[in-house]
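# Observations on chain architecture
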Amino acid sequence: MDLDQNKTNKIDIKEMTLPELKEEMKKLGEPAFRAGQVYDWLHVRCVRSFDEMTNLSKALRSKLNEEYDAVVLKQEALQVSAIDGTRKYLFELPDGNFVESVWMDYKFGASVCISSQVGCRMGCKFCASTLDGLERGLKASEMLDQIYAITADTGKRVSHVVIMGTGEPLDNYDNVVRFLRMLTDENGLNISQRDVTLSTCGIVPNIKRLAEEDLSINLAISLHAPTDEKRKKLMPIANQYSIAELMDACKYYFEKTGRRITFEYSLVAGQNDNKEEAEELASLVSPLNCHVNLIPVNPVKECGLPGSSRERAGEFAKWLEKKRIQVTVRREMGRDIDGACGQLRRRHADKT
Ligand code: SAH
């Protein structure tokens, strides 16, 4: 394994799976069960330092401090919604970059939306996260620690995870798959794969690869338009893969995993929210076992795209329902703090 070393040149121990950690402990001359103890402190109890690992000897703790790092994100800012308690975090990574994550409390449990990259290179026309391009992909430990830091802060178990923050997860494939395996590992947080959702703009070959990973996570596809011509106006990725290829990949994903696909459709006033598009969308997705999630586009100043009204979103949903498509108009959580995805990080960058 290519263990990514951070700027202190120490080995990132949070990046290791339990079998990898067992090998590492063997190298240190420690008994195998130590690996289980350390893994439990890092991934179940979510401690923030080696010194908190009180069942390890002082000697081992100081060795860990000298030679290893457990990526720990620093909470730089927090906004809490007065409407529904949604919490939006800005974290500083060990290399000084920033990422955002969002915590939402629902009746069924707490859900965290994580970022998978610092910035993004997909260039979607309505999205704030892509305005400054891609800085780098996140390591598995940096994705995990968004959840651990939030768990430590709220004291409440996270039951659902969505990869829908900044970044394109399938543009950071290996790190994201490592993250998914560790997140759902029974020795770690043990989040059910069925309660994890990965959202992608549609990198077709990697959707097929993901289908073959033997993971039963949910897949959300950012579709946003029913024809190639209209999709190209909103999403540059549509120049690379046609909607027909994307639908084939979705079908394959469903066949391999049995997980129903969700299509994300952000409504831009006058561009993709007419009855014509609703009907095109319905005939496109009706052969698939799927669900459509509508949300009026959240206006981003630099993008200049107007969101549809709530009324139009409701109408659009009715047009789809008439064609027997399962549809929800997404509730906007934390409307008072939110702004669109990626905006907290941008505002912070402007300030500094
Ligand atoms: N790159 C992934 C995941 C990140 S974006 C993807 O493309 O799916 C998560 C979702 O928010 C995507 O459906 C994205 O298209 C949508 N989104 C981004 N900016 C938005 C905005 N300003 N308003 C509404 N939806 C937005």
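Bear in mind the structure is a predicted one, so any value in this text is a computation, not a measurement.

### Some points on the pattern of salt bridges
On inspection of all chains with the given rule, the structure shows 25 salt bridges. Between arginine 181 and glutamate 213 there is a salt bridge whose closest N-O contact spans 2.6 Å. Of this pair, arginine 181 sits in helix H5 (residues 173–183) while glutamate 213 sits in the loop between helix H6 (204–211) and strand E11 (218–222), and the two are 32 residues apart along the sequence. Residue arginine 181 is classed as partly exposed on the basis of its relative accessible area, which comes to 37%. A salt bridge links arginine 312 to glutamate 315, with the shortest nitrogen-to-oxygen separation between them at 3.2 Å. Of the two residues, arginine 312 and glutamate 315 both sit in helix H10 (residues 310–322), three residues apart, roughly one turn of that helix. For arginine 312, a relative accessible area of 23% translates into the label partly exposed.

### Thoughts on the sheet that holds strand E9 (residues 158–163)
An order of E3-E4-E5-E6-E9-E10-E11-E12-E13-E14 is seen for the 10 strands of this open sheet, with the pairing classed as mixed. The sheet is open, and its two borders are formed by strand E3 (74–80) and strand E14 (327–329), each paired with just one other strand. Going across the sheet, the axis of each strand differs from the next one's by a mean of 20°, ignoring polarity. When E3 meets strand E4 (residues 87–92), the two strands line up antiparallel, connected through six bridges. Counted as the bridge partner of glutamine 79 is lysine 88 from E4. Strands in contact with helix H8 (residues 243–257) are E11 and strand E12 (261–267); relative to E12, the strand with the most contacts, it is inclined by about 145°. H10 rests against E12, strand E13 (290–296) and E14 of the sheet, and its axis sits at about 160° to E13.

### Details of the site of the ligand
Contacts to the ligand come from 17 residues, most closely from Phe126, Ser199, Ser222, His224 and Asn298. Glycine 167 is positioned with one of its backbone polar atoms (N or O) 3.0 Å from a nitrogen atom of the ligand. Serine 266 places a side-chain nitrogen or oxygen 3.0 Å from a nitrogen atom of the ligand. About the coverage of the ligand: the protein hides 93% of its 530 Å² of free accessible area. Among the secondary structure elements, those contributing two or more residues to the shell around the ligand are strand E10 (196–200) and E12. Split by residue class, the shell around the ligand holds seven nonpolar, eight polar and two charged.

### Digging into the domain arrangement of the protein chain
Along its sequence, the protein chain is carved into domain 1 (11–69) and domain 2 (74–351). Placing a centre on the C-alpha atoms of domain 1 and another on those of domain 2 gives a separation of 33 Å. Domain 1 puts 13 residues into the contact, and the matching count from domain 2 is 16 residues. The contact between domain 1 and domain 2 buries some 1200 Å² in all, and 51% of this surface belongs to carbon and sulfur atoms. Taken together, domain 1 and domain 2 are joined by four salt bridges. The closest approach of N and O atoms between glutamate 20 and arginine 178, which form a salt bridge, is 2.9 Å. Run the count over domain 1 and domain 2 and you get 11 residue pairs in polar contact (both at pLDDT 80 or more).

### A word on the packing of aromatic side chains
Taken as a whole and assessed by the stated rule, the structure comprises four aromatic pairs. If you follow arginine 45 out to its NZ or CZ, it ends over the ring of tryptophan 41, 4.1 Å from the centre.

### Focus on the confidence of the model for the protein chain
Of the residues in the protein chain, 95% reach a pLDDT of 70 or more, and the chain-wide mean stands at 93. Long-range and interchain partners of residues 1–6, a stretch whose pLDDT sits below 50, account for 13 contacts in this model, where long-range means more than four residues apart.

### Here we look at the pairing of E11
In terms of residue burial, E11 counts as a mostly covered element, since five of its five residues are buried. Of the two faces of E11, the one carrying Asn218, Ala220 and Ser222 and the one carrying Leu219 and Ile221 are both buried. For the handedness criterion, the β-α-β arrangement of E10, H6 and E11 is classed as right-handed. As paired strands, E11 and E12 are joined by three bridges and run parallel to one another. Across the sheet, residue alanine 220 finds its bridge partner in E12, namely threonine 262.

### Notes on the side chain of arginine 259
Position of arginine 259 among the secondary structure elements: in the loop between H8 and E12. Summary of buried charges: arginine 259 has no salt-bridge partner, and the nearest side chain of opposite charge, aspartate 195, is 6.4 Å away. Of the polar contacts made by the side chain of arginine 259, one reaches the side chain of asparagine 218; its length is 2.9 Å. Each residue touching arginine 259, except ones within four places of it in the same chain, is listed here: Arg194, Ser216, Ile217, Asn218, Tyr253 and Phe254.

### Some details on helix H1 (residues 18–27)
Side chains that are three or four residues apart share a direction in an α-helix, a result of its 3.6 residues per turn. Of all the positions in H1, only Leu18, Leu21, Glu24 and Met25 are classed as buried. Across the axial projection of H1, the buried residues extend over an arc of 110°, all falling on one side. Turned more than 90 degrees away from the buried face of H1 sit Pro19, Lys26 and Lys27, all of them exposed. As for H1, its buried residues are in contact with strand E1 (11–12), helix H2 (33–43), helix H3 (58–67) and strand E2 (68–69). Residue glycine 29 follows H1 closely and has a positive phi angle near 75°.

Calculation rules
Residues numbered from 1 in each chain as written. Predicted model: local features only at pLDDT ≥ 70, side-chain atom pairs only at ≥ 80, totals over all residues. Heavy atoms only, no water. Salt bridge = Lys/Arg side-chain N within 4 Å of Asp/Glu carboxyl O. Helix = DSSP H or I, 4+ residues; strand = E, 2+ residues; numbered from the N terminus. Buried < 20%, exposed > 50% of the residue type's maximum accessible area, 1.4 Å probe, protein only. Pairing = 2+ DSSP bridges. Axes fitted to C-alpha atoms, helices over the stretch in contact; angles between N-to-C directions. Contact = heavy atoms within 4.5 Å. Near = heavy atom within 4 Å. Polar contact = N/O pair within 3.5 Å; in protein donor to acceptor, adjacent residues only side chain to side chain. Areas by Shrake-Rupley, 256 points an atom, 1.4 Å probe, with all protein chains shown as cover. Nonpolar A, V, L, I, M, F, W, Y, C, P; charged D, E, K, R; others polar. Domains from an automatic or database assignment. Buried area = accessible area lost by both parts, 1.4 Å probe. Phe/Tyr/Trp six-rings, centres within 6.5 Å; stacked < 30°, edge-to-face > 60°. Lys NZ or Arg CZ within 6 Å of the ring centre and 35° of its normal. pLDDT = per-residue confidence, 0-100. Right-handed = clockwise from strand over helix to strand, strands pointing away. Lys, Arg positive; Asp, Glu negative; His and termini not counted. Arc of directions from axis to C-beta.

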